[in-house]
Amino acid sequence: MPNPTSAGITIVRGDITEQDVDAVVNAANSSLLGGGGVDGAIHRAGGPGILAECRELRSSRYPDGLPTGQAVATTAGRLAARWVIHTVGPVWSKSEDRSELLASCYRESLRVARELGARTVAFPAVSTGVYGWPLEDGARTAVGVVREETADGGFDEVRFVLFDERAYGVFAAQL
Ligand code: ADP
């Protein structure tokens, strides 16, 4: 069971593909055509229908790829969730502050969730895997934005799903 913290924000150690929420967020890449980590796991567990919708989005709305910091939804195939919200996190940079783009991933994903009518949303720790974002900093941004965006009570639950103990600990400390 997710461990409730402050109003509507929960945290759980687990696999994003196994969350029974209205929408799960995918740490996608701009191609929308799949990748490793969360992206690979979502497409493997959700089946080929998600990729087919992503291809369609590429040819219709995003011929040059989904820009970093934006979010777009597909249905969720075989996942328990109804929708997957794909967002593209920024790659960590030492020389450039890209925090606004990371904040934008969380904000835009929740905006899309609201449009869909999703009341429960699960997030992975966007950008903290292959994209190299330091966990503490990523957690601070994630929690800050989600607090702001949930303050109006527009969601029943926004859940952070952390894959390993260390990430769980870092997010728990932020909350
Ligand atoms: P990015 O490319 O945005 O860094 P990754 O998918 O590589 O995205 O990793 C994002 C975070 O998600 C990392 O902290 C990673 O450990 C974690 N992660 C990987 N697989 C899963 C999963 N199945 N469920 C939840 N979190 C996951």
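Above: the structure in question.
This is a predicted model, so every value here is computed, not measured.

Caption draft 1: Inspection of the overall build of the chain at higher detail. Looking only at helices and strands, the chain features five helices and seven strands. The secondary structure elements of the chain, listed N-terminal to C-terminal, are β-β-β-α-α-β-β-α-β-α-β-α. Projecting the C-alpha coordinates of the chain onto the three principal axes gives extents of approximately 40 × 40 × 30 Å. The buried share of the chain, reckoned over its 175 residues, is 41%.

Caption draft 2: Region of the structure containing the site of the ligand. Around the ligand lies a shell of 20 residues, among which A27, G37, V38, G129 and Y131 are the nearest. For the shell around the ligand, the per-class residue count stands at twelve nonpolar, six polar and two charged.

Caption draft 3: Expanded view of the pairing of strand β5 (residues 83-88). Most of β5 sits inside the fold, with six of its six residues counted as buried. The pairing of strand β3 (residues 23-28) with β5 spans six bridges and is classified as parallel. Of the residues in β5, the one forming a bridge with A27 is T87. Taken together, the five bridges between strand β4 (residues 71-75) and β5 define a ladder with antiparallel strand orientation. Note on β5: the bridge partner recorded for T75 is W83.

Caption draft 4: Looking closely at the environment of H86. By the secondary structure assignment, H86 is in strand β5. Since 26 C-beta atoms lie within 10 Å of it, H86 is described here as buried. Distance in space between the C-alpha atoms of H86 and N26 is 4.7 Å, their sequence separation being 60 residues. Here H86 is in contact with N26, A28, L32, L66, A71, V72 and T74, once residues within four sequence places are set aside.

Caption draft 5: Spotlight on the nonpolar core. Ranked by size, the top nonpolar core spans 49 residues in total, and within it A23, V24, V84, I85, V121, F123 and A142 carry the most contacts. Here the element with the most residues in this core is helix α3 (residues 99-116); it accounts for six residues. Setting aside residues up to four positions removed in sequence, I85 forms contacts with A23, V25, N26, A71, A73, S109, V112 and A113.

Caption draft 6: Quick look at the environment of R140. Structurally, R140 can be placed in helix α4 (residues 135-150). Of the residues examined, R140 has 17 C-beta atoms within 10 Å and is grouped as partly exposed. Along the primary structure R140 and A80 are separated by 60 residues, whereas in three dimensions their C-alpha atoms are 28 Å apart.

Caption draft 7: Just the packing of α4 against helix α5 (residues 165-174), in detail. Where α4 meets α5, the axes come as close as 9 Å, and the angle between the chain directions of the two elements is 45°. Taken together, the axis directions place α4 and α5 in an arrangement best described as oblique. Of the two elements, α4 crosses α5, and the hand of that crossing is right-handed. Where α4 approaches α5, its residues L135, E136, A139, R140 and V143 are matched on the opposing element by A167, V170, F171 and Q174. The residue inventory of the contact of α4 with α5, partitioned by class, reads six nonpolar, one polar and two charged.

Caption draft 8: Expanded view of α3. With 18 residues, α3 extends 26 Å from end C-alpha to end C-alpha; this agrees with the ideal 26 Å at 1.5 Å per step. Regarding α3, the residues found buried are L102, S104, C105, Y106, S109, L110, V112 and A113. G117 lies just past α3 and shows a positive phi near 85°.

Calculation notes
- Residues numbered from 1 in each chain as written.
- Predicted model: local features only at pLDDT ≥ 70, side-chain atom pairs only at ≥ 80, totals over all residues.
- Helix = DSSP H or I, 4+ residues; strand = E, 2+ residues; numbered from the N terminus.
- Buried ≥ 20, exposed ≤ 12 C-beta atoms within 10 Å, placed from the backbone.
- Near = placed C-beta within 6 Å.
- Nonpolar A, V, L, I, M, F, W, Y, C, P; charged D, E, K, R; others polar.
- Pairing = 2+ DSSP bridges.
- Contact = placed C-beta atoms within 7 Å.
- Core = buried A, V, L, I, M, F, W, Y, C linked by C-beta atoms within 7 Å.
- Axes fitted to C-alpha atoms, helices over the stretch in contact; angles between N-to-C directions.
- Parallel < 35°, antiparallel > 145°, perpendicular 65-115°, else oblique.
- Left-handed = near helix turned anticlockwise from the far one by under 90°.
- Expected span 1.5 Å × (residues − 1).

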